[in-house]
Amino acid sequence: MALPFSTATGSDVRVRFCPSPTGTPHVGMIRTALFNWAYARHTGGKLIFRIEDTDSARDSEESYLQLIDALTWVGIDWDEGVEKGGPHAPYRQSQRTSIYLDLVERMKDAGLLYESFVTPDEMEARNLANGRDARQGYDNFERDLTAEQRDAFRAEGREPSLRLRVPDTDLSFDDLIRGEITFPAGSFTDFVVVRPNGAPLYTFVNPVDDALMGVTHVFRGEDILSSTPRQIALYLALIELGVTDFIPVFAHMPLVLGEGSKKLSKRDPESNLFHHRERGFIPEGLLNYLALLGWSIAADRDVFTQAEFTAAFDIRDVNPNPARFDQKKADSINGDHIRMLSADDFAGRIVPYLGDYLAEPSTPTQQAILREAAPLVQERMAVLSEAPGLLGFLFTPDDLIEFDADAMPKDADQARLVLDASIATLQQLTDFSATAIEEALRAALLAPVEEGGAGLKPRDAFGPLRTAISGRRISPPLFESMEILDKESTLARLERLRIALA
């Protein structure tokens, strides 16, 4: 049986992202949005953002707002949908009930849906009586109930659910990622689409919305691949009813795995999109990494811009095998994107992470320090949350610098000699630039004794100075940091460590 699948290309392509507003946005969910968005931008088509919020027990307005926040932050925009509107509004399922109920009545009248009164216990007993596994499920026996039989069930106080009359044929489709997939006739039976209380189920409203909104391509996770033949069966009913004239093309994306090759669950910290934002991911870096969870731009290239991504993306190039979320690789790619930022852009992005050190709003002096210091650490950072550890000392009063235990000199006597020599040398400088500071300190500390220096190795000479300036074993370039702090502050810090070592 040849099925009428969409042949839409170019600007006629219509894809959708339709999450349920439950919990915090998951990186796998955002990867789904990303691939749909990229395909729409690549083809010149449209992305519809729809919310499936018919589960009042689990859905929440907080989660809905988090979804809006998540997509806005990562830079995934949509052409139609919630917060934007469009020709098929409303775009929240909870506001479309009248549309569903109208279609239910039309499908009942056309004989595409029928009433089912059977209970789970009766279904089990029927299977046993017919020599089948008790758990085999429904066998379509109510397709041809008479009016008298239905009236009798109602007289017992039973309220029927509604089942879709499934075609008795093989259902095949060409998955754009996985190739030809066939579900043989009889591999699933007539299924419930409306509960006894009259509420349509997800298996009904999702394809109905896709049909009414003209969705041509459905890209979703492989975990719901098994539901695809049911959606196709419902589409065939909608085509018969005249609601649509095609079935969307399907592609089922690979699972995202976590540690131990298990599916990345909501309990895993790395699954939480906002966890990555708090750690200091920038949208460009995170989207680049999420794109690599099943796709690549080239065998020898991992880092690319959003423009390069959308220009190259084709859903057919997605690998069907599961993709593992590798935090170290994600951090590395994010660091690459941090280095691609302009100096001013980078400085602006680290401000929120320096909140404990900066005034609100930051002062002109703090802004000047940040402009000078940001380029010193931009090459060293993987995530923006590293900013306080690397730059906090520049915004800390001299007398409040704390010395990390692992940064304290092991040889206190030698460190005191270094500090004494450095203080004496720096006091004489009139040019307190990084170049002049470095030249003077190298002459005083590294030059051989016979040339007037202390004859020390760089690590022994500059380690105590780094501790005095920043309180840490690792910091931005030492001489540039001294220049930013200025002469008075630098000398005060050297003296403070000198006293601490006395």
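Look above for the structure.
Summarised in this report is the structure supplied together with it.

Calculation criteria
Residues numbered from 1 in each chain as written. Predicted model: local features only at pLDDT ≥ 70, side-chain atom pairs only at ≥ 80, totals over all residues. Heavy atoms only, no water. Core = buried A, V, L, I, M, F, W, Y, C linked by side-chain atoms within 4.5 Å. Buried < 20%, exposed > 50% of the residue type's maximum accessible area, 1.4 Å probe, protein only. Helix = DSSP H or I, 4+ residues; strand = E, 2+ residues; numbered from the N terminus. Contact = heavy atoms within 4.5 Å. Polar contact = N/O pair within 3.5 Å; in protein donor to acceptor, adjacent residues only side chain to side chain. Salt bridge = Lys/Arg side-chain N within 4 Å of Asp/Glu carboxyl O. Pairing = 2+ DSSP bridges. Axes fitted to C-alpha atoms, helices over the stretch in contact; angles between N-to-C directions.

**Concerning the nonpolar core**
- In this structure, I76, M107, F204 and F309 are the most contacted members of the largest nonpolar core, which totals 93 residues.
- Examining the composition of this core, we find that 10 residues originate from one element, helix α1 (residues 27-43), more than from any other.
- Aside from chain neighbours lying at most four places away, what touches F309 is L34, F35, W37, A38, A291, W295 and F304.
- A374, L391, L419 and L501 belong to the second largest nonpolar core, which has 52 residues in total.

**Comments concerning the side chain of T228**
- By the element assignment, T228 lies in helix α7 (residues 228-241).
- A relative accessible area of 0% places T228 in the buried class.
- A polar atom in the side chain of T228 sits 2.9 Å from the side chain of H252.

**A closer look at the pattern of salt bridges**
- Enumeration according to the criterion identifies 38 salt bridges in this entry.
- Across the pair E122 and R158 runs a salt bridge, and its minimum N-O distance is 2.5 Å. With a gap of 36 residues between them, E122 in helix α4 (residues 120-129) and R158 in the loop between α5 (147-155) and β5 (161-164) connect regions that are remote in the sequence.
- On the accessibility criterion, E122 (34% relative accessible area) is partly exposed.
- Exposure remark for R158: the relative accessible area of 18% places this residue in the buried category.
- Of the charged contacts, one joins R316 and D314 as a salt bridge, the two residues approaching to 3.4 Å between their closest N and O atoms.
- Residue D314 is classed as partly exposed on the basis of its relative accessible area of 22%.

**Quick notes on the side chain of S470**
- Within the secondary structure layout, S470 lies in helix α17 (residues 458-470).
- The buried category is assigned to S470, whose relative accessible area is 5%.
- For S470, the side chain forms a polar contact with the main-chain oxygen of R466, separated by 2.9 Å.
- Separated by 3.1 Å, the side chain of S470 and the backbone nitrogen of R472 make a polar contact.
- Discounting chain neighbours no more than four positions away, the residues touching S470 are F393, I401 and S475.

**Topic: the sheet that holds strand β8 (residues 192-194)**
- Taken together, the three strands give an open sheet; going across it, the order is β4-β5-β8, and neighbouring strands pair in antiparallel fashion. Taken across any chain shown, the strands that pair with only one partner, and hence form the sheet edges, are β4 (113-116) and β8. The sheet shows a mean angle of 50° between the axes of neighbouring strands, taken without regard to direction.
- Strand direction decides the pairing type here: β4 and β5, joined by four bridges, are antiparallel. Paired with Y114 across the bridge in β5 is R163.
- In this fold helix α3 (residues 97-109) packs onto β4, β5 and β8, with an angle of close to 90° to the strand it touches most, β4.

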